[in-house]
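Chain residues, written in single-letter form:
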There are 2 protein chains.
Amino acid sequence: MKQAGSSTSAAIHAAAGAADANLAHAALIALDWGTTSLRAYLYDASGNVLATRESTAGIMNLPRSAEQGGFDAAFEDTCGAWLADAPGVPVIAAGMVGSAQGWVEAPYVEAPANADALVAGIVRVKAACGATLHIVPGVLQRGELPNVMRGEETQIFGALGRDANSVDGGTQALIGLPGTHAKWVVVKSRRIERFHTFMTGEVFAALREHTILGRTMTTPDRPDTEAFLRGVTIAREKGRAGVLATAFSARTLGLTGELSGRQQPDYLSGLLIGHELAGLDAILAQQQSALAGQSLRLIGNEALCERYRLALAQFGCTQAELVKHATERGLWRVASQAGLINPAARAAHAG
Amino acid sequence: MKQAGSSTSAAIHAAAGAADANLAHAALIALDWGTTSLRAYLYDASGNVLATRESTAGIMNLPRSAEQGGFDAAFEDTCGAWLADAPGVPVIAAGMVGSAQGWVEAPYVEAPANADALVAGIVRVKAACGATLHIVPGVLQRGELPNVMRGEETQIFGALGRDANSVDGGTQALIGLPGTHAKWVVVKSRRIERFHTFMTGEVFAALREHTILGRTMTTPDRPDTEAFLRGVTIAREKGRAGVLATAFSARTLGLTGELSGRQQPDYLSGLLIGHELAGLDAILAQQQSALAGQSLRLIGNEALCERYRLALAQFGCTQAELVKHATERGLWRVASQAGLINPAARAAHAG
């Protein structure tokens, strides 16, 4: 079985298109199937990405209803040509496709969870075209404040592979996944130990579009870093009353002429991300840790991760490394661990 | 001039209607004119409410645009009959009608502010019918997190009158005004010293209607106090990561079968109010104070204030008194202080 941290990782890249790909070498189709989008990757037997497809057919946005075969239609539309050229190629999928609203439910595995636990929780579903999809389960953390993830668990194993040795050594690693529902995940010995969800992205959108705060906002030509950092600093230094209290300042600083309409969106974004990081810091403090001096990794949209890096620096955390291609790496790795990659094909390729 | 705490306060009540009112005794028309509603009160010379009118013609919901005389139309529709029967009666108004989007802007007076400061800040506007409206200004508190209120300042002076002596004695009083934008106001020596705004009500609506949390919620037949208090307790005891983190539990407790769809709205309401009160407690702690053992007053919707009383008790605050009729009392008091009540009419009435 292919080991993490080998040449595979370095070789993975998003190919420009399928046209020139040598599909004779196709060894895996992997789907990152979320709520609003579907991304598909075709790999050769070494884990190189030969081709990618992207569609808006997320599970809440199928071409037709699930009852009318919407999942099959989206799958066929995205991967039909690949399957026609490489019949029998294994298929793996992660994300909301395995939720109760997905194609088939892959019940959560419980944290702490390693890659073996994910593999053991894989649920299969047969597509109309005859292919079998292997659906990776999400992870559930029980407790007074339960937490769930679907899709992120696969990205995390994709990110871990890059420095298998250090993480394998038992050191604790902190990984952030900014976004609609930002996750902060503690990993130890290649195992997802515990994690937290901050609804930062979705709350920002709801505040901007559906509260009084949006009324005075205008869209800036480009991000206003100064306004963003002002928000981060307020949250960090003056945020003890919580975001329900500080959010109103996005409006009142406008009323007092201190923040223009164009600056208000970035200020509010900074406030929310600042409160998220202050909350994370409070959690870390309970574990005799802190963001200051922490070395961590970020997975996600590059521009958003850059905003988080700026904000993290305000908390004394200057070592936040952006991990690229975590999704396609993770899907490949879980498929490998599940034994989905045909050893013969790989041996042939290696030879 | 009528003194606060006299028989006036006890005598004020909302009359059933205008039909039987003896308009010969009309001494004041007062308007509580907000964003989405307009309430009008007609008083006799002793401050008794003779009649009330209520309309949906808030400043964002006028019968026609402001440019086309929308304010005049709403005023005429609500108070025209009263003015016809009692020409020359003085008119006072408080609330968003004095904002930049209102009939005329009454610039904020700065905190600390007493009733004299409000009176000095009154701005007049002449209606098409000939009447002059006296618009009470709002209050602005400058700082890194500026705060503003419009309308609440008048309610606060209405609430103070009830126990003029104790508050006059220099004791600090804490007054809460739950709602869309909840206010917590520190009053000392009949002066608004400082205040805080929590966007609790509006954030609740935005989360429920415009985020994933609403998707699994159903509307309960009646409030679920147990679910509400569960949310309050989580915010108080496990809320250190902040509301951006705890909010997600309204969904995940559903996924784990611990909270039904009908319980989720009250749980989320308890979470948000709990975070508001935890934030307030953190502010008080800076001033060597606390909610525990605090004696405070609440102004606002009775059912909502009752929820706050339940939540406050979780923070050790069992003395939260609901102040009724604060709006109409406050409008009367500011009008009295401004000398708008005709002394002759009052003398005649008193004789």
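As a starting point, this report considers the structure included with it. Remember, predicted model here, so these are calculated numbers, not experimental data.

Below, the discussion takes up the relation of the copies chain B and chain A. Of the transformation placing chain B onto chain A, the axial shift is 0.0 Å and the rotation is 180 degrees, giving an RMSD of 0.0 Å. Look at the turn and shift together and you get a two-fold axis relating the two. Relative to the rotation axis, the C-alpha of A206 of chain B is the closest in chain B, positioned 2.9 Å from it. With an isologous cut-off of 70% or more, the 100% of interface residues of chain B that recur at the interface of chain A puts this contact in the isologous class.

Residue and element names in this part refer to chain B. Counting buried positions over the 8 residues of strand β1 (residues 26-33) gives 8, a clear majority of the element. Pairing of β1 with strand β2 (residues 38-44) involves 7 bridges; the strand directions are antiparallel. Bridge pairing in β2 links I29 to L42. Linking β1 back to β2 in an antiparallel pair, the connection comprises 4 residues. Pairing of β1 with strand β4 (residues 91-94), which is carried by 4 bridges, proceeds in the parallel orientation. Bridge pairing in β4 places L31 opposite A93.

Each partner contributes to the interface: chain B provides 50 residues, whereas chain A provides 50 residues. In total, about 4,100 Å² of surface goes out of reach between chain B and chain A, with carbon and sulfur atoms giving 73% of it. Joining chain B to chain A, the criterion identifies 2 salt bridges. Summed over the shared surface of chain B and chain A, the number is 11 residue pairs in polar contact (both at pLDDT 80 or more). For the side of chain B that touches chain A, the elements supplying multiple residues, two or more each, are β10 (147-149), β13 (191-198), α6 (200-210), α7 (225-238), α8 (243-246), α9 (249-255) and α10 (264-286) of chain B. Ranked by residues supplied to the side of chain B that touches chain A, first place goes to α10 of chain B with 8 residues. Grouping the amino acids of the side of chain B that touches chain A by side-chain chemistry returns 27 nonpolar, 13 polar and 10 charged.

All names here are of chain A. The 6 strands lie next to each other as β3-β2-β1-β4-β8-β7, forming an open sheet whose pairing is mixed. In this open sheet, the two edge strands, each paired with only one partner strand, are β3 (49-55) and β7 (123-126). Put simply, the sheet's adjacent strands are angled 20 degrees from each other on average, direction ignored. Pairing geometry for strand β4 (residues 91-94) and strand β8 (residues 132-135), over 3 bridges, is parallel. Paired with A93 across the bridge in β8 is I135.

Below, the discussion takes up the packing of helix α6 (residues 200-210) of chain A against helix α10 (residues 264-286) of chain A. All names here are of chain A. Taken N-terminus to C-terminus, the directions of α6 and α10 make an angle of 145 degrees; their axes are 10 Å apart at the nearest point. Read as a crossing pair, α6 and α10 show a hand that is right-handed. Touching T200, V203, F204, L207 and R208 of α6 are P265, L268, S269, L272, I273 and E276, all from α10. Within the contact of α6 with α10, the residues separate by chemical class into 7 nonpolar, 2 polar and 2 charged.

Turning our eyes to something else, we now look at the sheet that holds β4 of chain B. All names here are of chain B. The strand order across the open sheet formed by 6 strands is β3-β2-β1-β4-β8-β7, and the pairing between neighbours is mixed. The sheet is open, and its two borders are formed by β3 (49-55) and β7 (123-126), each paired with just one other strand. Strand-to-strand twist of the sheet, defined as the mean angle between neighbouring strand axes without regard to direction, takes the value 20 degrees. Across the sheet, helix α2 (residues 70-85) touches β1, β2, β3, β4 and β8 (132-135), and the angle it forms with β1 is around 150 degrees.

Our focus in this paragraph is the nonpolar core. Counting 92 residues, the largest nonpolar core has W184, L277 and L291 of chain A together with W184 and L291 of chain B as the members making the most contacts within it. Setting aside chain neighbours within four positions, we find L291 of chain A in contact with L174, L277, L280, D281, L284, L296, L312, F315, G316 and C317 of chain A.

Right, let's talk about the packing of α6 of chain A against α6 of chain B for a bit. Axis separation between α6 of chain A and α6 of chain B bottoms out at 10 Å; the angle between their running directions is 110 degrees. Classed by the angle they form, the pair α6 of chain A and α6 of chain B counts as roughly perpendicular. The element α6 of chain A and its partner α6 of chain B pack so that their crossing is right-handed. Counting all contacts with α6 of chain A, which are made through E202, V203, A206, L207 and H210 of chain A, the residues of α6 of chain B involved are E202, V203, A206, L207 and H210 of chain B. A breakdown of the residues in the contact of α6 of chain A with α6 of chain B according to their chemical character gives 6 nonpolar, 2 polar and 2 charged.

Next up on the list: the packing of aromatic side chains. For the structure shown, the criterion picks out 12 aromatic pairs over all chains. Ring geometry for F71 of chain B against W103 of chain B: centres 5.6 Å apart, planes inclined by 15 degrees, an arrangement best described as stacked. Placement of the pair is F71 of chain B in helix α2 and W103 of chain B in the loop between β4 and β5 (109-110), with a sequence separation of 32 residues. Its relative accessible area of 17% is what places W103 of chain B among the buried residues. For the cation-ring pair, R236 of chain A lies above F315 of chain A, with the distance from its terminal atom to the ring centre recorded as 5.8 Å. In this structure, R150 of chain B is placed above the aromatic ring of Y108 of chain B, and the distance from its NZ or CZ to the ring centre is 4.3 Å.

Rules behind the numbers
- As a convention, each chain's residues are numbered from 1 in the sequence order in which they are written.
- Ligands are numbered from 1 and chains lettered from A, in the order in which they are written.
- In keeping with the predicted nature of the model, local features appear solely for residues at pLDDT of at least 70, side-chain atom pairs appear and are counted solely at 80 or more, and the whole-chain, interface and lining totals rest on all residues.
- The side-chain numbers reported here are obtained from all heavy atoms of the structure, hydrogens and water having been left aside.
- The fit set for superposing copies consists of C-alpha atoms from residues with pLDDT of at least 70 in both; the fit itself is least squares.
- Only heavy atoms matter for contacts: two residues are in contact if any of them lie within 4.5 Å across the pair.
- Partly exposed describes any residue whose relative accessible area lies between the buried limit of under 20% and the exposed limit of over 50%, with all areas from a 1.4 Å probe on protein chains only and scaled to the type maximum.
- Counting from the N terminus, the helices are the DSSP runs of H or I reaching at least four residues and the strands are the DSSP runs of E reaching at least two.
- Strands are labelled as partners when DSSP assigns at least two bridges between them.
- Summed over both partners, the accessible surface that disappears when two parts come together, traced with a 1.4 Å probe, is what is meant by buried area.
- The term salt bridge refers to a side-chain nitrogen of Lys or Arg lying within 4 Å of a carboxyl oxygen of Asp or Glu.
- Two N or O atoms form a polar contact when they lie within 3.5 Å of each other; inside protein one atom must be a possible hydrogen donor and the other a possible acceptor, and for residues adjacent in sequence the pair counts only when both atoms belong to side chains.
- Here the term charged refers only to Asp, Glu, Lys and Arg, the term nonpolar to Ala, Val, Leu, Ile, Met, Phe, Trp, Tyr, Cys and Pro, and the term polar to all other amino acids, Gly among them.
- Convention adopted: a line fitted to C-alpha atoms gives each axis, helices being fitted over their contacting stretch, and angles between N-to-C directions are expressed from 0 to 180 degrees.
- Note on convention: near helix rotated counterclockwise from far helix by under a right angle means a left-handed crossing. Clockwise means right-handed.
- Residues grouped as a nonpolar core are buried Ala, Val, Leu, Ile, Met, Phe, Trp, Tyr and Cys residues, joined through side-chain atoms within 4.5 Å.
- Roughly parallel means an angle under 35 degrees; roughly antiparallel means over 145; roughly perpendicular covers 65 to 115; every other angle is labelled oblique.
- Aromatic pairing here means that ring centres of Phe, Tyr or Trp (its six-membered ring) are within 6.5 Å. Orientation follows from the plane angle: under 30 degrees is stacked, over 60 is edge-to-face, and everything else is tilted.
- Note on criteria: charge over ring means Lys NZ or Arg CZ within 6 Å of the ring centre, with the direction from the centre no more than 35 degrees off the ring normal.

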